[in-house]
Amino acid sequence: QVRLVETGGGSVQSGGSLRLSCEAYGSIFKYTNMGWYRQAPGKERELVAKISDSGNTDYEDSVKGRFTISRDNAKNLVYLEMNNLRPEDTAVYYCNTVVPNWKEFPNAYWGQGTQVTVSS
């Protein structure tokens, strides 16, 4: 099982930037598609960015052009660079593997997340 530790969240004003990091402890990391998810208060968790083991990326429409996902396989790290942040980006951000049934992951499969708060 991969253990995930997310860091880098904080409070910024609208238009600001943050860089999130996720350290994935597990030997199969470099073979695994990874993603950044977020969960806003009262809303379901959603996948906002994903990166394949070979570096191909894809983004949810609302973050395209503002967020950039990247990875360092040698260090077992996944990053999310977030620019031009908006109040609606406020959420707890998590990283995890990307598989079709990710919504069925039990709570134990998730890290503690990192809070991002954007004020207007």
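What counts, and where the lines are drawn
- Residues numbered from 1 in each chain as written.
- Predicted model: local features only at pLDDT ≥ 70, side-chain atom pairs only at ≥ 80, totals over all residues.
- Heavy atoms only, no water.
- Helix = DSSP H or I, 4+ residues; strand = E, 2+ residues; numbered from the N terminus.
- Buried < 20%, exposed > 50% of the residue type's maximum accessible area, 1.4 Å probe, protein only.
- Lys, Arg positive; Asp, Glu negative; His and termini not counted.
- Salt bridge = Lys/Arg side-chain N within 4 Å of Asp/Glu carboxyl O.
- Polar contact = N/O pair within 3.5 Å; in protein donor to acceptor, adjacent residues only side chain to side chain.
- Contact = heavy atoms within 4.5 Å.
- Disulfide = S-S within 2.5 Å.
- Pairing = 2+ DSSP bridges.
- Axes fitted to C-alpha atoms, helices over the stretch in contact; angles between N-to-C directions.

A. Representation of the side chain of R71. When you line up the elements, R71 lands in strand β7 (residues 67–72). D53 provides the closest opposite charge to the buried, unpaired R71, separated from it by 6.0 Å. Among the polar contacts listed, one links the side chain of R71 to the backbone oxygen of T32, at a separation of 2.9 Å. Of note is the side chain of R71, whose polar atom sits 2.7 Å from the side chain of N73. Excluding residues that lie within four positions of it along the chain, R71 makes contacts with F29, K30, T32, N33, M34, I51, S52, D53, L77 and V78.

B. Summary view of the state of the cysteines. Under the definition given, this model contains one disulfide. Residue C22 pairs covalently with C95 via a disulfide, S to S 1.7 Å. On the criterion of sequence distance, the pair formed by C22 in strand β3 (residues 18–25) and C95 in strand β9 (residues 91–97) is long-range, its members being 73 residues apart. Accessibility classification places C22 together with C95 in one group, the buried group.

C. Fine view of the sheet that holds β7. A sheet is described by the order of its strands in space; here four strands give the open sequence β1-β3-β8-β7, paired in antiparallel fashion. Single-partner strands in this sheet number two, and they are β1 (3–7) and β7. Looking at each pair of strands side by side, their axes are set apart by 15 degrees on average, direction ignored. Where β3 and strand β8 (residues 77–82) come together, six bridges link them in antiparallel fashion. In the strand pairing of β8, L20 is matched with L80.

D. Region of interest: the sheet that holds strand β2 (residues 10–13). With respect to topology, six strands assemble into an open sheet ordered β2-β10-β9-β4-β5-β6, the strand pairing being mixed. At either margin of the open sheet sits one strand with a lone partner, and together these are β2 and β6 (57–59). Each strand of the sheet is rotated relative to its neighbour by a mean of 25 degrees, with strand direction disregarded. Taken together, the four bridges between β2 and strand β10 (residues 114–119) define a ladder with parallel strand orientation. Each residue of the ladder has a partner; that of Q13, found in β10, is S119.

Any link to function would need more than the numbers given here.
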